Amino acid sequence: MTGSQGHRPVYHRLANNRTQTFADAAKVALSAELWGRPRRNGLVPRVKAYLGPLPSGASGIEFSTEVAADPSTPPKTAYWTVGRPGVRSDGEFAKIPVRISVVHYNFP
Amino acid sequence: MPHYDQVPLSQALLQSGLSDGTPDLPFDEPIAFINIRPEALAAETRIRFDESHDDLDAVKLAVLRLDGFAELTLLSHTGAPTQGTEVWVREPDTRRSRALLDALCVALSIDESLITWTADANWLAERRRLSLSTAKPRPTSREIDRRWRGEPQVMRVVGELARSLAHQFSVLLAMIDRLLGRTRTPP
């Protein structure tokens, strides 16, 4: 996975029943915004995703954004921290504008 | 060799996850990535990884306290494209982070060549600035104990004792009522 689509990197979030449900995916697609909350000790909220396209067959969303990710993160992860250019703060949430390219959910 | 202890985490808080905005664990910033899966690390050490989740994915995590250092968290996102173990600290600080990593490697007998990523010093400095500019009051250690590790042991014992006494008292009252041939209507 190169994590790039043209010149703009693509990212993904895997489906889960807590923070990345199909309803969440629909909200992201409709609002064109991805939200992130602080960790328990994270005083600064940030949006979190994995680098690269959604793995084949996996449920989740794939997206790109014009906002540059934080410059130093663990391998194949991407964070957008409030205070960085383009990352909007809204209460306890960090928000970035995104363009969804894939929404894929497997329903039992 | 630096000694380490594992900090026990309560089931309630593991189940509620790491994204509820309660500030109390060393989860502020990743400083390194160790190219060892948590299962392998657990097999080589006496560390036990608990399961929880943050708002990205399910995680496996263990909180350690190293001699002479603040606590740190070993964490692995289960769906991460690159599997391994991240090292998280409470406060981004380049010099302390380096020293902590060195101590961790010695304590867990990890070859430094397995550390395939460390946070950039300039970024840690910027993160520190961002944290300070949006800082909320940090919790006291007592609040941390209460929120994350559950009530202190002594409080749990007192609570159990009180509940047991209340139960025995109600049984005694019922026996007296029965002996006196009275019926008690519930309040």
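Structure's up top.
Residues numbered from 1 in each chain as written. Chains lettered and ligands numbered in written order. Predicted model: local features only at pLDDT ≥ 70, side-chain atom pairs only at ≥ 80, totals over all residues. Heavy atoms only, no water.

A. Local environment of the interface of chain A and chain B. Taken residue by residue, the interface counts 34 residues in chain A and 45 residues in chain B. Of the roughly 3,500 Å² buried between chain A and chain B, counting both surfaces, carbon and sulfur atoms make up 55%. Here chain A is connected to chain B by three salt bridges. With a closest N to O distance of 2.8 Å, A:Lys48 and B:Asp55 form a salt bridge. Taken together, the links from chain A to chain B amount to twelve residue pairs in polar contact (both at pLDDT 80 or more). Those elements giving two or more residues to the side of chain A that touches chain B turn out to be strand S2 (8-14), strand S4 (46-51) and strand S6 (77-81) of chain A. For the side of chain A that touches chain B, the element with the highest residue contribution is S4(A), accounting for five residues. Its residues assigned to classes, the side of chain A that touches chain B comprises twelve nonpolar, eleven polar and eleven charged. (Contact = heavy atoms within 4.5 Å. Buried area = accessible area lost by both parts, 1.4 Å probe. Salt bridge = Lys/Arg side-chain N within 4 Å of Asp/Glu carboxyl O. Polar contact = N/O pair within 3.5 Å; in protein donor to acceptor, adjacent residues only side chain to side chain. Helix = DSSP H or I, 4+ residues; strand = E, 2+ residues; numbered from the N terminus. Nonpolar A, V, L, I, M, F, W, Y, C, P; charged D, E, K, R; others polar.)

B. Focus on the sheet that holds strand S3 (residues 33-36) of chain A. All names here are of chain A. Read across the sheet, three strands follow the order S3-S8-S7 without closing on themselves; strand pairing throughout is antiparallel. In the strand order of this sheet, the two ends are held by S3 and strand S7 (88-90), each with one partner. The mean angle between the axes of side-by-side strands here comes to 30 degrees, regardless of whether they run parallel or antiparallel. For S7 and strand S8 (residues 93-97), the ladder comprises three bridges, and the chain directions are antiparallel. Opposite Asp90, over in S8, you have Phe93 as the bridge partner. (Pairing = 2+ DSSP bridges. Axes fitted to C-alpha atoms, helices over the stretch in contact; angles between N-to-C directions.)

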